[in-house]
Amino acid sequence: MGNTVAREDFEWVYTDQPHADRRKEILAKHPEIKALMKPDYNLIWVVVLMVLAQLTAFYLVKDLDWKWVVFWAYVFGSCISHSMTLAIHEISHNSAFGNSKAMWNRWFGIFANLPLGLPYSISFKRYHMDHHRYLGGDGIDVDIPTNFEGWFFCTRFRKFIWIVLQPFFYAIRPLCINPKPITRLEIINLLAQLTFDVAIYYLWGGKSIFYMLAGSVLGLGLHPISGHFIAEHYMFLKGHETYSYYGPLNWLTFNVGYHNEHHDFPNIPGKSLPLVKKIAAEYYDNLPQYNSWIKVLYDFVMDDTISPYSRMKRQLKGEVKQE
């Protein structure tokens, strides 16, 4: 149980990420994929319904015993909160209103953020675009764990704790790896969130606030959906940087499991990524893939060769343009 893993550093690579070249090759062979590069207007209504569902839940839990507040925070709140973070992921790619209405997407992201309890949407967009442009980029891509995470969380028990604390590390990692000046939109995101949280507390009290915040923290920590954090880019097979998941939880996560497809075509909404896989099946069918995020979490903890160090990392060259 306490055996340390063999890996003592990241997997440093000196080649470009594979997604840009594969995108060019697929578009040359399947130009019809360009027709999928358009907004998913259904996303707007799905997000509105999710916000309304959480508002209803805030009202329903206000008079419950605490044990039931905790129960529903994990069973229902955690699922919808994690799903909402992935709706915000879609919105960060301008999937709701399209690239021509970029600011509409930013405002809509702030709205979608409200039932999470903590400001997230605007900052996520800034760092996530860097993740796509500079996948694995040292000092740029904050999806890569810190050296401390790789060094310390090196036993099965510690890796389990690391999974539980995922929301904490995702929150502080940007401040350690790539701090950026605060923008006006981030301040608006913060003020809107504080106003919403105060209103919920005033209307329905502390149990509703606890349900909201606990659901967000639990949903991003030890939770089946959180398997996607590890499944996407942790190197379970040497030489493979990105992995797709084709299991049923894609229904709750806007197809974020189609991750090779997403990195190849980040301007195609999640709704259409299964079509990308179907059209260009010869490029995706033989890539390593998962069918269970729960198994990914289990294997990450129990496999002594896998740790937070199991990521490909690049030393970037030339000019770096960040969000």
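Residues numbered from 1 in each chain as written. Predicted model: local features only at pLDDT ≥ 70, side-chain atom pairs only at ≥ 80, totals over all residues. Heavy atoms only, no water.

By the naming in an unreviewed UniProt entry, the protein chain goes by Sphingolipid delta(4)-desaturase DES1 and is assigned to Hirundo rustica. Its UniProt record gives the protein chain the following Subcellular location (unreviewed entry) comment, quoted word for word: "Endoplasmic reticulum membrane". Under Sequence similarities (unreviewed entry), UniProt gives the following word-for-word description of the protein chain: "Belongs to the fatty acid desaturase type 1 family. DEGS subfamily." (UniProt positions renumbered as here; feature names shortened; annotations may be inferred.)

Draft legend 1. Representation of the overall build of the protein chain within the structure. From N to C terminus, the protein chain includes 15 helices and 4 strands. A compact globule built from 323 residues would reach a C-alpha radius of gyration of about 20 Å, and the protein chain, at 20 Å, matches this within 12%. When the backbone C-alpha atoms are referred to their principal axes, the protein chain occupies close to 55 × 50 × 40 Å. Counting the 323 residues in the protein chain, one finds 53% classified as buried. Taking all contacts inside the protein chain whose residues are at least 6 apart in sequence as the whole, residues at least 24 apart take part in 80%. Element-wise, carbon and sulfur atoms account for 66% of the exposed surface of the protein chain, whose accessible area totals about 15500 Å². One finds the centroid of the 31 positive side-chain charges in the protein chain at a distance of 3 Å from the centroid of its 29 negative side-chain charges. (Helix = DSSP H or I, 4+ residues; strand = E, 2+ residues; numbered from the N terminus. Rg over C-alpha atoms; globule rule 2.2 N^0.38 Å. Buried < 20%, exposed > 50% of the residue type's maximum accessible area, 1.4 Å probe, protein only. Contact = heavy atoms within 4.5 Å. Areas by Shrake-Rupley, 256 points an atom, 1.4 Å probe, with all protein chains shown as cover. Lys, Arg positive; Asp, Glu negative; His and termini not counted. Charge placed at Lys NZ, Arg CZ, Asp CG, Glu CD.)

Draft legend 2. Here's a closer look at the nonpolar core. If you look at the biggest cluster of nonpolar residues, it comprises 39 residues, and the most contacted ones within it are Val 47, Met 84, Trp 162, Ile 230 and Phe 300. Those elements that place two or more of their residues in this core are α2 (42–61), α3 (66–92), α4 (102–113), α7 (156–164), α11 (227–233) and α15 (293–302). The element contributing the most residues to this core is α3, with 6 residues. Residues in contact with Ile 230, not counting those within four places in the same chain, are Trp 162, Ile 163, Phe 236, Val 296, Leu 297 and Phe 300. (Core = buried A, V, L, I, M, F, W, Y, C linked by side-chain atoms within 4.5 Å.)

Draft legend 3. The arrangement of the UniProt feature "transmembrane region" (unreviewed entry) in the protein chain in detail. With numbering aligned to this structure, UniProt lists the feature "transmembrane region" (unreviewed entry) at residues 43–61, 68–87, 107–124, 187–204 and 210–231. This span, residues 43–61, is 100% helix and 0% strand, and a straight line between its end C-alpha atoms measures 27 Å. Helix makes up 100% of residues 187–204 and strand 0%, whereas the separation of the span's terminal C-alpha atoms amounts to 26 Å.

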